[in-house]
Structure formats: structure tokens, C-alpha cells
Amino acid sequence: MNKKKILATLSSLVLVAFFAGCGLSTPETPETPDETPAEEPSEEEPSEEEPADDMPEVTLVYAEVNPLDTIVGQTDTAFKEKVEELSNGKITIEIQASGVLGSENDVLDTMLGGGGTIDMSRISAFALTSYGGEKSKLLSIPYTFVNREHFWNFATSDLAPDFLLEPFENGTGVRGLFYGEEGFRHFFTVDPVNSIEDLAGMKLRVSNDPVMNGMVNGLGASPTVVSFGELYSALQTGVVDGAEQPIANYKSNAFQEVAPNMILDGHTLGAIQVIITNEAWDSLTPEQQDILMEAGEYASQFNREISEEAENEVLQGLKDEGINIVEVTDPAPWQAAVKDVVDAETEGFEDLYQQILDMQP
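Notes on the structure follow. Small disclaimer: the values here were computed from a predicted structure and weren't measured. For every chain, the first residue of the written sequence is number 1, and numbering continues from 1 along that sequence. Predicted model: local features are reported for residues with pLDDT of at least 70 only, side-chain atom pairs are reported and counted for 80 or more only, and whole-chain, interface and lining totals are derived from all residues. Only hydrogens and water are removed before side-chain values are computed, so all heavy atoms of the structure are retained for them.

1. Topic: the nonpolar core
Inference 1: Among the nonpolar cores identified, the biggest contains 41 residues, and Phe-151, Phe-154, Phe-163 and Tyr-179 are the most heavily contacted of them.
Inference 2: In this text, helices come from DSSP runs of H or I with a minimum length of four residues, and strands from runs of E with a minimum of two, each type numbered from the N-terminal end. Listing elements by their share of this core, those giving two or more residues are α5 (148–155), α6 (159–164), β4 (174–189), β5 (203–206), α8 (210–218), β8 (261–277), α14 (339–345) and α15 (350–357).
Inference 3: Pairs of residues are marked as contacts when any of their non-hydrogen atoms sit within 4.5 Å. With sequence-adjacent residues up to four places away left out, Tyr-179 is seen in contact with Ala-125, Leu-139, Phe-151, Trp-152, Phe-154, Ala-155, Ala-160, Phe-163, Leu-164, Ile-272, Gln-273 and Ser-300. Residue types Ala, Val, Leu, Ile, Met, Phe, Trp, Tyr and Cys, when buried and joined through side-chain atoms within 4.5 Å, form a set referred to as a nonpolar core. Between buried and exposed lies partly exposed: a residue is buried under 20% and exposed over 50% of the maximum accessible area for its type, with that area taken using a 1.4 Å probe on protein chains only.

2. Re empty space enclosed by the protein
Inference 1: A cavity here means a set of points on a 1 Å grid, drawn over the protein atoms and nothing else, where a 1.4 Å probe fits but cannot get out; a pocket is an open set with protein on both sides within 12 Å along at least five of seven lines, and a residue lines either one if it has an atom within 4 Å of a point. Grid points are joined across faces, edges and corners, and a volume is the space filled by probe spheres set on the points. The final tally for this structure, using the stated rule, is three cavities of 30 Å³ or more.
Inference 2: If you add up the space inside the largest cavity, you get close to 50 Å³.
Inference 3: Contributing to the lining of the largest cavity are Ala-63, Glu-64, Val-65, Gln-96, Gly-99, Leu-101, Gly-102, Ser-103, Glu-104, Val-107, Ser-121 and Arg-122.
Inference 4: Elements represented by at least two residues in the lining of the largest cavity include exactly α3 (104–113) and β3 (120–124).
Inference 5: Broken down by class, the residue content of the lining of the largest cavity amounts to four nonpolar, five polar and three charged. Polar here means any residue other than Ala, Val, Leu, Ile, Met, Phe, Trp, Tyr, Cys and Pro, which are nonpolar, and Asp, Glu, Lys and Arg, which are charged; Gly is therefore polar.

3. Considering the packing of aromatic side chains
Inference 1: Aromatic rings from Phe, Tyr and Trp, taking only the six-membered ring of Trp, are treated as a pair when their centres fall within 6.5 Å; an angle between ring planes under 30 degrees marks them as stacked, one over 60 as edge-to-face, and anything in between as tilted. Going through the model one piece at a time under the given rule, you end up with 12 aromatic pairs.
Inference 2: Relative to Tyr-179, the ring of Phe-151 lies with its centre 6.4 Å away and its plane at 85°, an arrangement referred to as edge-to-face. One end of the pair, Phe-151, is in helix α5; the other, Tyr-179, is in strand β4, and 28 residues separate them in sequence. We note that Phe-151, like Tyr-179, is buried.

What follows is the structure, encoded as C-alpha cells:
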């Protein structure tokens, strides 16, 4: 072996000994161009359904005139829980129930007046009638919906979004998010009522609504405006002789204690909607707005699933308590009595109203 080869071999042995002594591995042979290095695992892309980590936190004050154990109260809670779930707690819905923020009209006055003290509310779908809601008014026309399926055919139709956005489009300052229902509305009275004739001359509580006023007049009674929060005492003291509500609300507000008679005339379906002020809506990010809409779809379906069964349970409970429940077997006289108000309040919207009527199953 020549001298140069001996020196090269010794140098290699020294390098190996050096790396071994230092606890280091010997350098690897560089990869050939044909060898492709393994790809680094990419960071997992966030799911489109997961809210962004930087979503701002927000609390929305939500008004409800009824207790949380009612059909509408349970719907409120379903909406709240779904919003908070979808936003990972970044959006909080603060429900103020049992009318602590006032009647529906009080709440609407506050929301439409601005100031941001009430952001959202569950209202009767026709509560906006007194605030220029011409489309909303059609939902309160007596004996429009023949059954619940008829209503849900409307609520899931292409017409429904137009109705929900009517207050936004006419500059009222709020917009609707979704629909639900709390059952048909019936009259309840201090003294027994067995037929339409027994309503004659009675003072029946109404909200300040032209359709309701016209209907009560048509039935031969006297419409009397009383705040919902004062209705119990008004019945107790004789200020009014009766009122009307869905069955579940009648029970949950203990009206049967002072007006233990109910006649199931089903004059109006208790359609509801949840609204939000433009101010609150515009303060949300697009992602947060999408969450509210998705939660609204969920709550609407939840409402549809529980409403009839919950109402039937309450009705049976009332019968078991001994409340006088009278069934209306022939609605024709009732419908004939309110024909004038139907014609008057649908004037100018006959085609749109007919579209709703045509949705019956």
C-alpha cells in the first residue's frame, strides 16, 4: 500500500473515532436525486364548522314574555343552547323570561327605539302589525290556517323569508330569523261560554291590534286593551270577562285560577317568530350571523316536533283539574261572524293571502 492510501485510511479511522467519542452519529450519505424526502405532515386545516379562534365574544339580551316551561320558552332555550354550542361559548344568549322586560309591545317599543338594551325577542308573528307589518298581519287573519301542517307548509315555503325580512325592508329596525308556533289560540272566560252567542257583550282582553279588535267586535263582544302583565288581575277584578291565548300559555300563566272556562274555537294559530335588532345584527361578524341562522333552523324544527304533543299534555292536565273545556264542532258560524274583518284586513293583499290559503294540505 502506498503512503497516500495509508494516510487516507488513517484519516477515516480518526473521524469515526471522533464522532463515536462525542456521542454523535456519523454523517449520512447525501440522498440521491431519485430519492424523494418524506413530506412533512401539514397542519390540520380548521373545520369549516368550527368557529374561528379569534371570534369576538358577544352577549345578546333576549326577551320572552312567557315562562321557560312553555312551548315558546322551550324553543327559546333550544335556540340559546344551539347558538352557544356552535360558537363554542363565544356568543351568549341571555334570556329574560316571564315578562321581566315588559309585554311584547313594551319590548318592541324598546327594540325599535334603539339603545341596545334588548337585542332579540320571541314575539307573536303578527305583533308587528301595529308597526306597519302588512305581511305579518296576514298571519293573524282569523281561521286562516286549518291545522298545524298548513302553517308549516307556509313557514317552510319560499314566502316565509320575505315575511321575516319585511320589518327590515320597511325600515322598522328589526329582522326576523325564524318561525315557530305555540298552538291555536282560544278564548277563556270567567263565566262559562258554550257557544258564540255567549260571547255577546263580554269584555275580552286584546292587544292593541286591528285584526284582533275587529275579530272580537265581529263575535259580538267588546275588545278591551289590557297589558299582558296585568291580565291576571284584570280577570280577577272584573276589568275584563275573558281573553285568548294558546292552551300552554293559558296554563303556564295560571289564568285557569281566575278564568276556569275555555272554548276551543281555534280562531288563530299562535305563529311566533324570533327577531333581532338591526343594530345587534350589524355588530356580528358574518360567521356569527351564520351561527344564528343555523341555530334558528334547529330551534324551528325543535318547535315543530314538540308543540302539538306538549299542548295535548297541557290540555289533558286542564281537563283533569276540572277546567271547563268546550269543543267547537262547527266553526262555520264563527267564520261567518268575522268575514267582514277578513275582507277588510286582506284588502290589497288578496293574491298573497290566497297563496297562503292554497298551502293547506
